[in-house]
Amino acid sequence: MCETSPADSVGAAFEAQRERLHAVAYRLLGSHADAEDVVQEAWLRLFRQDAETIDNLAGWLTTVVGRISLDVLRARQARPEASWDHLVVTVDDGPAPDDDMVLADSVGYALLIVLESLRPSERLAFVLHDLFAVPFEEIGRILGKSTDATKMLASRARRKVQATERPAAAGREQREVIQTFLAAARHGDFEGLLRVLDPEVRLTVDSADGVVVVLGSTKVATGASSRVAGGAAVRARAVLVNGLPGFISWRADGTPLSLMAFTVAEGRIIAIRSVTDPARLASTDLPDPD
């Protein structure tokens, strides 16, 4: 009879956890490719570890995946991220009675967009605790923070995320916030912009020169007027961008100038995604101007 080697046993135990680990890493990073890389790195670390010293393999692997993912999130802050892999743009005519299922389908993607706006520590605390029931004590060890501090991080993140859980109910309020932002930007109303921007708002601009990330309400408000209209827009239309409320603007010759999407939580804009790259806009299926 062939006996199972310790390496085989560890490999089998890891494979039993792979799907869950990938789910954790994907929710933390929002990328299946990055999640797969994290899970593979976790396997390599397990392979180098004496398995007999691990009392709780599932917990140990979750901690390792969390720490690796946290490193990835922190590294992203030091460099602009690539923009959306795929853009789905539809005309936004406002919520209708039969839109509930369509809106519900967008929650998963919208949640990932909200998570992108969170600080790495907030995202880790929320995802691990609220989505995967990891105790705050364990999350605190990953972050190097106390249990109470970790609970506060998760609570702060939870408040921002809750806006995506009831998209149909929040739709009108979100549109009003966005319209207020656009009006303030057009009129150069700096104080008005600050009132609707979260202090930690994140603006990601996908331009012909690359991706630029701007953090903070003051910096976003300072450049809002030029980014919203670019000084050349003559027509604009409300749209949904990957399920998020936004708008598209066109030049006088009918070519698209910019595409923007907004994430709103608690009456303030917490994230803005803007695409101004002509090649990216030309390759996207966009609605016609009104």
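Up top is the structure these notes are about.
For clarity, every value in this text was computed on a predicted model and none was experimentally measured.

Visitor: Would you mind going over the overall build of the chain in detail, with residue names and values included?
Guide: Scanning the chain for helices and strands turns up 12 helices and 7 strands. Residues counted as buried form 46% of the 290 residues belonging to the chain. Carbon and sulfur atoms provide 51% of the accessible area of the chain, an area that totals close to 14700 Å².

Visitor: A description of the environment of Pro 135 should follow, citing residues and the corresponding values.
Guide: Structurally, Pro 135 is set in the loop between helix H6 (120–131) and helix H7 (136–143). Separated by 10 residues in sequence, Pro 135 and Ala 125 have C-alpha atoms that sit 9.6 Å apart.

Visitor: Which residues make up the side chain of Ser 121, and what values do they have?
Guide: Inspection of the secondary structure puts Ser 121 in helix H6. If we skip the residues at most four places from it in the chain, Ser 121 touches Leu 70, Leu 143 and Leu 153.

Visitor: Tell me about the sheet that holds strand E6 (residues 256–265), and please be specific about residues and values.
Guide: Pairing is mixed in the open sheet, where 7 strands are placed in the order E1-E4-E5-E6-E7-E2-E3. Strand pairing shows two members of the sheet lacking a second neighbour, strand E1 (89–91) and strand E3 (210–215), which therefore form its edges. Each strand of the sheet is rotated relative to its neighbour by a mean of 25°, with strand direction disregarded. Here E6 runs beside strand E7 (residues 268–275); their pairing, made up of 7 bridges, is antiparallel. Bridging across to E7, Val 264 finds its partner in Ile 269.

Visitor: Tell me about the nonpolar core, residues and numbers included.
Guide: Ranked by size, the top nonpolar core spans 36 residues in total, and within it Phe 14, Leu 28, Leu 46, Val 65, Leu 124, Leu 128 and Ile 139 carry the most contacts. For this core, the elements supplying multiple residues, two or more each, are helix H1 (6–29), helix H2 (32–48), helix H3 (57–77), H6, H7 and helix H8 (147–161). In terms of residues, this core owes the most to one element, H1, which gives 7 residues. Setting aside residues up to four positions removed in sequence, Leu 124 forms contacts with Leu 28, Gly 66, Leu 70, Ile 139, Ile 142 and Leu 143. Within the second largest apolar cluster, 22 residues are counted, among which are Phe 181, Leu 193, Val 220 and Ile 272.

Visitor: I'd like a description of the packing of H6 against H8, backed by residues and values.
Guide: Viewed as axis vectors pointing N to C, H6 and H8 meet at an angle of 85°, and their least axial separation amounts to 8 Å. Considering their axes alone, H6 and H8 lie roughly perpendicular with respect to each other. Across from Ser 121, Glu 122, Ala 125, Phe 126, His 129 and Asp 130 in H6, the residues of H8 making contact are Thr 150, Leu 153, Ala 154, Arg 156, Ala 157, Arg 158, Lys 160 and Val 161. Class assignment for the residues of the contact of H6 with H8 results in 6 nonpolar, 3 polar and 5 charged.

Visitor: Give a detailed account of H2, specifying residues and quantitative values.
Guide: For H2, built from 17 residues, the straight-helix expectation of 24 Å at 1.5 Å per residue is met to within 8% by its first-to-last C-alpha distance of 25 Å. By the burial criterion, the buried members of H2 are Ala 35, Val 38, Val 39, Ala 42, Trp 43 and Leu 46. Buried positions in H2, seen along its axis, are confined to an arc of 145° and lie on one side of it. Seen from the open side of H2, the exposed residues pointing more than 90 degrees away from its buried face are Ala 33, Asp 37, Phe 47 and Arg 48.

Visitor: Could you give an account of the pattern of salt bridges, with specific residues and numbers?
Guide: Within the structure shown, the criterion is met by 8 salt bridges. Residue Arg 158 pairs with Asp 130 through a salt bridge whose shortest N-O separation is 2.6 Å. Linking Arg 158 in helix H8 with Asp 130 in helix H6, this pair joins segments that are 28 residues apart in sequence. When its relative accessible area of 26% is taken as the criterion, Arg 158 is described as partly exposed. We classify Asp 130 as partly exposed; its relative accessible area is 31%. Taken together, the shared-partner salt bridges in this structure form one network comprising Glu 15, Arg 18 and Glu 36.

Visitor: Could you give me a rundown of the packing of H6 against H7, with the residues and numbers involved?
Guide: At their nearest, the axes of H6 and H7 sit 10 Å apart, and the two run at 150° to each other. The angle between H6 and H7 falls in the class roughly antiparallel. The element H6 and its partner H7 pack so that their crossing is right-handed. Of the residues in H7, those touching H6 at Ser 121, Leu 124, Ala 125, Leu 128 and His 129 are Phe 136, Ile 139, Ile 142 and Leu 143. Across the contact of H6 with H7, the residue classes tally to 7 nonpolar, 2 polar and no charged.

Thresholds applied
- Residues numbered from 1 in each chain as written.
- Predicted model: local features only at pLDDT ≥ 70, side-chain atom pairs only at ≥ 80, totals over all residues.
- Heavy atoms only, no water.
- Helix = DSSP H or I, 4+ residues; strand = E, 2+ residues; numbered from the N terminus.
- Buried < 20%, exposed > 50% of the residue type's maximum accessible area, 1.4 Å probe, protein only.
- Areas by Shrake-Rupley, 256 points an atom, 1.4 Å probe, with all protein chains shown as cover.
- Contact = heavy atoms within 4.5 Å.
- Pairing = 2+ DSSP bridges.
- Axes fitted to C-alpha atoms, helices over the stretch in contact; angles between N-to-C directions.
- Core = buried A, V, L, I, M, F, W, Y, C linked by side-chain atoms within 4.5 Å.
- Parallel < 35°, antiparallel > 145°, perpendicular 65-115°, else oblique.
- Nonpolar A, V, L, I, M, F, W, Y, C, P; charged D, E, K, R; others polar.
- Expected span 1.5 Å × (residues − 1).
- Arc of directions from axis to C-beta.
- Salt bridge = Lys/Arg side-chain N within 4 Å of Asp/Glu carboxyl O.
- Left-handed = near helix turned anticlockwise from the far one by under 90°.

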